[in-house]
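Given next are the chains, with one letter for each unit.
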Amino acid sequence: MSDVIKAETIYDAMGAVLTRWTMGSAAAPAAAFWRAELGDDPAEAELRLLALAGQFLGTAVTTEPAAALRVLPDIPALALPTVPATLRPLVRRILSAKKQVKVKTDLVHFLAARGWTTHPADWMPEAADDDAPDVYAKWRDWAAIAGSNSASRRQTDDRLTAENWDDYWPAARKAALIELRRRDPSVARGVLEARLAGENADIRWRLLSLLSERLSDDDLTFLETIAANDRAPRVKALATSLLARLGRGSAPGEDTTELAGFFAVKTKGLLRRSRVVQAEPLKTPAQSLRRKALFDGADLGSFAGALGLAPQELIAAWDWNADRAADAALVDLIVATGTDAQVTQAADAVNERDAPGLIISLAERLAPAERARHAEAALNARDIRFELAQLIAGTAARLRDPLSAPPGKALLAALQRDDAKPSDNAEDLHALGLIVSREGARGALERLAGAGLLQGDPRLDMLRLNAALDDKGAKP
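Predicted model, so just to flag it, every value in this text is computed and none were measured.

## Observations regarding the overall build of the protein
Here is step 1 of the chain: Across its full length, the protein carries 24 helices and 2 strands.
Here is step 2 of the chain: By the compact-globule yardstick of 23 Å for 476 residues, the protein is too spread out, its C-alpha radius of gyration being 31 Å.
Here is step 3 of the chain: Oriented by its inertia axes, the alpha-carbon framework of the protein measures out at about 110 × 65 × 50 Å.
Here is step 4 of the chain: Burial statistics for the protein: of 476 residues in total, 43% are counted as buried.
Here is step 5 of the chain: Long-range pairs, those at least 24 residues apart, make up 62% of the contacts in the protein with a sequence separation of at least 6.

So, in structure tokens, the structure goes:
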């Protein structure tokens, strides 16, 4: 047997040897060519085989690189600076301690709102991470390039046009379109008119949803064309809902008339008789399902019309908190098809009726300042947790002193109880750190230290990051 053949024989046997060891079996029988070197003692043979196999793999086997090596482009610089090096350990600690995707998303949105981004060694979005702030679009596209077989598409920093549409990677294109829509809505719509049909249904839906920014009557013709001709029902439905936000919903028909039959418009008050819309009692589960299905297919204008009311009259007359399922369905209808003014009106009405859970649904269409206002109102008027307030306020909020609100006082009392545990209220303290202003965070840390919490308590990480981070973001 030649030396070359012997090396190949040994190499071929190594797979069986390693498999047997992995399964906890003796491997010497699979290396019969070393029988003389291994000896007759089974235990000694395994040790000798381990030594010989290690020598062979370490000296005779080398890993060859892939046939085609790819040189990836440098990770691009972002428009916002990286978090200061002194705070990176704190960011990493929060990221490692909070495994939930939402918590990480909240953190990167918080940093972006304050004018900062993460270091790429600490956190990078994936290509499909649609929840990442727009500032990370270049990194999402870099991840797409790294995961693709080709990086031939040209990178461009030119202004997005219909002609250079294909030069953009998807995330950067979306970010450029958002910026263009904010700056020049008609030009952005023109780009979409020229290029939307060439994309698949999911991308068409995402791009069309960007028209909600600065939506106006100038978009009517384009939206009507999409609603009538697009080949994807989901895209057509989105165009229809955007039309409804412009007051161009469908006329009351058979379904909305049936939906209106689940409600009664009554009058109340002896002197100032006002109208109230009340839900009729549902007698069977089938009725509940039917009402929900009718809500899903309606728009605010047609539903109000079927009741003989204008949309704003319907919102004002609605009997909130009498039928929670009907409340939720109406709020969903307003979010999908109501105008911005109607969404604001509904949020005010819900806030007055002690229903903070419904504001969470409406919050996505409220301006950051409005979200902060409703979060503060909910904290001052109700016994809600900071986690709920954070869902209302979003991560761009800068509440001044939420710890002085009733939930904050309750939190301080809970932390000072004799039976309080080191892990208690961790989520609430994290949420507090997300919604409070920098100055408020500093004050909160002092008060929490006075309540007995140590400065190094990991539950205070988000508050400590907030207090230490310069606020360079746009104020809501």
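## Let's talk about the layout of surface pockets
Here is step 1 of the chain: Within this model, the second largest pocket holds a volume of roughly 370 Å³.
Here is step 2 of the chain: Looking at the second largest pocket, it is lined by 18 residues, and the ones nearest its centre are Lys 292, Phe 295, Asp 296, Ala 329 and Asp 332.
Here is step 3 of the chain: Counting only elements with at least two residues in the lining of the second largest pocket, the list comes to helix H13 (285-296) and helix H16 (324-337).
Here is step 4 of the chain: Broken down by element, the lining of the second largest pocket gets its largest block of residues, 8 residues, from H16.
Here is step 5 of the chain: Considered class by class, the residues forming the lining of the second largest pocket number 8 nonpolar, 5 polar and 5 charged.

## Focus: the side chain of Thr 118
Here is step 1 of the chain: On the secondary structure map, Thr 118 appears in the loop between helix H5 (101-113) and helix H6 (137-147).
Here is step 2 of the chain: You can call Thr 118 buried: its relative accessible area is 1%.
Here is step 3 of the chain: Polar side-chain contacts of Thr 118 include one of 3.0 Å to the backbone oxygen of Trp 123.
Here is step 4 of the chain: Leave out the neighbours within four places in its chain, and Thr 118 touches Thr 82, Val 108, Leu 111, Trp 123, Tyr 136 and Trp 139.

## Things to note about helix H24 (residues 461-468)
Here is step 1 of the chain: The buried fraction of H24 amounts to 6 of the 8 residues, a majority that puts the element mostly inside the structure.
Here is step 2 of the chain: Within H24, the full set of buried residues consists of Asp 461, Met 462, Leu 463, Leu 465, Asn 466 and Ala 467.

## Quick word on empty space enclosed by the protein
Here is step 1 of the chain: Here the structure, examined in full by the defined rule, presents 1 cavity of 30 Å³ or more.
Here is step 2 of the chain: One number sums up the size of the largest cavity: a volume of about 40 Å³.
Here is step 3 of the chain: If you trace the largest cavity, you find it lined by Ala 132, Pro 133, Asp 134, Ala 137, Arg 140, Ala 171, Lys 174 and Ala 175.
Here is step 4 of the chain: Breaking the lining of the largest cavity down by element, the ones donating at least two residues are H6 and helix H7 (170-183).
Here is step 5 of the chain: The element best represented in the lining of the largest cavity is H7, accounting for 3 residues.
Here is step 6 of the chain: Partitioned by chemical class, the residues of the lining of the largest cavity number 5 nonpolar, no polar and 3 charged.

## Focus on the packing of aromatic side chains
Here is step 1 of the chain: Enumeration over the complete set of coordinates arrives at 9 aromatic pairs.
Here is step 2 of the chain: An aromatic cluster is defined as three or more aromatic residues linked by ring pairs; in this entry it consists of Phe 263, Phe 295, Phe 303, Trp 318 and Trp 320.
Here is step 3 of the chain: The positively charged end of Arg 234 is found above the aromatic ring belonging to Trp 205, 4.1 Å away from the centroid.

## Points about the packing of helix H20 (residues 386-393) against helix H22 (residues 426-435)
Here is step 1 of the chain: The interhelical angle for the contact between H20 and H22, taken along N-to-C directions, is 30°, at an axis separation of 8 Å. Considering the angle they form, H20 stands roughly parallel to H22. By crossing handedness, the relation of H20 to H22 is classed as left-handed. Between H20 and H22, the contacting residues are Phe 386, Glu 387, Ala 389, Gln 390 and Ala 393 on the first element and Glu 427, Asp 428, Ala 431, Leu 432, Leu 434 and Ile 435 on the second.
Here is step 2 of the chain: Taken together, the residues of the contact of H20 with H22 break down into 7 nonpolar, 1 polar and 3 charged.

## Describing the environment of Leu 95
Here is step 1 of the chain: With respect to the helices and strands, Leu 95 occurs in helix H4 (residues 88-97).
Here is step 2 of the chain: Sequence spacing of Leu 95 and Leu 107 is 12 residues, and the spatial spacing of their C-alpha atoms is 8.2 Å.
Here is step 3 of the chain: Each residue touching Leu 95, except ones within four places of it in the same chain, is listed here: Lys 104, Leu 107, Asp 122 and Trp 123.

## Digging into the pattern of salt bridges
Here is step 1 of the chain: Counted by the stated rule, this structure contains 32 salt bridges.
Here is step 2 of the chain: Between Arg 189 and Glu 193 there is a salt bridge whose closest N-O contact spans 3.9 Å. Note that Arg 189 and Glu 193 are positioned in helix H8 (residues 185-195) at a spacing of 4 residues, about one turn of the helix.
Here is step 3 of the chain: A relative accessible area of 13% means that Arg 189 is categorised as buried.
Here is step 4 of the chain: Several salt bridges converge on common partners, so that one network encompasses Arg 181, Arg 189, Glu 193 and Asp 219.

## Quick notes on H4
Here is step 1 of the chain: Those residues of H4 not exposed but buried are Arg 88, Leu 90, Val 91, Ile 94 and Leu 95. Around the axis of H4, the buried residues are gathered within 160° of arc, so they sit on the same side.

## As for the nonpolar core
Here is step 1 of the chain: Counting residues in hydrophobic clusters, the biggest one holds 65 residues, and the most contacted among them are Phe 263, Phe 303, Leu 314 and Trp 318.
Here is step 2 of the chain: For this core, the leading source of residues is H16, giving 7 residues.
Here is step 3 of the chain: Each residue touching Trp 318, except ones within four places of it in the same chain, is listed here: Phe 263, Val 277, Phe 295, Phe 303, Ala 326, Asp 327 and Leu 330.
Here is step 4 of the chain: Judged by nonpolar contacts, the second largest core, of 27 residues, contains Leu 208, Phe 222, Leu 223 and Leu 242.

## Description of the side chain of Asp 122
Here is step 1 of the chain: Residue position: Asp 122 is located in the loop between H5 and H6.
Here is step 2 of the chain: What makes Asp 122 buried here is its relative accessible area of 16%.
Here is step 3 of the chain: Separated by 3.3 Å, the side chains of Asp 122 and Arg 92 make a polar contact.
Here is step 4 of the chain: Beyond its immediate sequence surroundings of up to four residues, Asp 122 is in contact with Arg 88, Arg 92 and Leu 95.

Conventions adopted
Residues numbered from 1 in each chain as written. Predicted model: local features only at pLDDT ≥ 70, side-chain atom pairs only at ≥ 80, totals over all residues. Heavy atoms only, no water. Helix = DSSP H or I, 4+ residues; strand = E, 2+ residues; numbered from the N terminus. Rg over C-alpha atoms; globule rule 2.2 N^0.38 Å. Buried < 20%, exposed > 50% of the residue type's maximum accessible area, 1.4 Å probe, protein only. Contact = heavy atoms within 4.5 Å. 1 Å grid on protein atoms, 1.4 Å probe; cavity = no way out; pocket = protein on both sides within 12 Å on 5 of 7 lines; lining within 4 Å. Points joined across faces, edges and corners; volume = space filled by probe spheres on them. Nonpolar A, V, L, I, M, F, W, Y, C, P; charged D, E, K, R; others polar. Polar contact = N/O pair within 3.5 Å; in protein donor to acceptor, adjacent residues only side chain to side chain. Phe/Tyr/Trp six-rings, centres within 6.5 Å; stacked < 30°, edge-to-face > 60°. Lys NZ or Arg CZ within 6 Å of the ring centre and 35° of its normal. Axes fitted to C-alpha atoms, helices over the stretch in contact; angles between N-to-C directions. Parallel < 35°, antiparallel > 145°, perpendicular 65-115°, else oblique. Left-handed = near helix turned anticlockwise from the far one by under 90°. Salt bridge = Lys/Arg side-chain N within 4 Å of Asp/Glu carboxyl O. Arc of directions from axis to C-beta. Core = buried A, V, L, I, M, F, W, Y, C linked by side-chain atoms within 4.5 Å.

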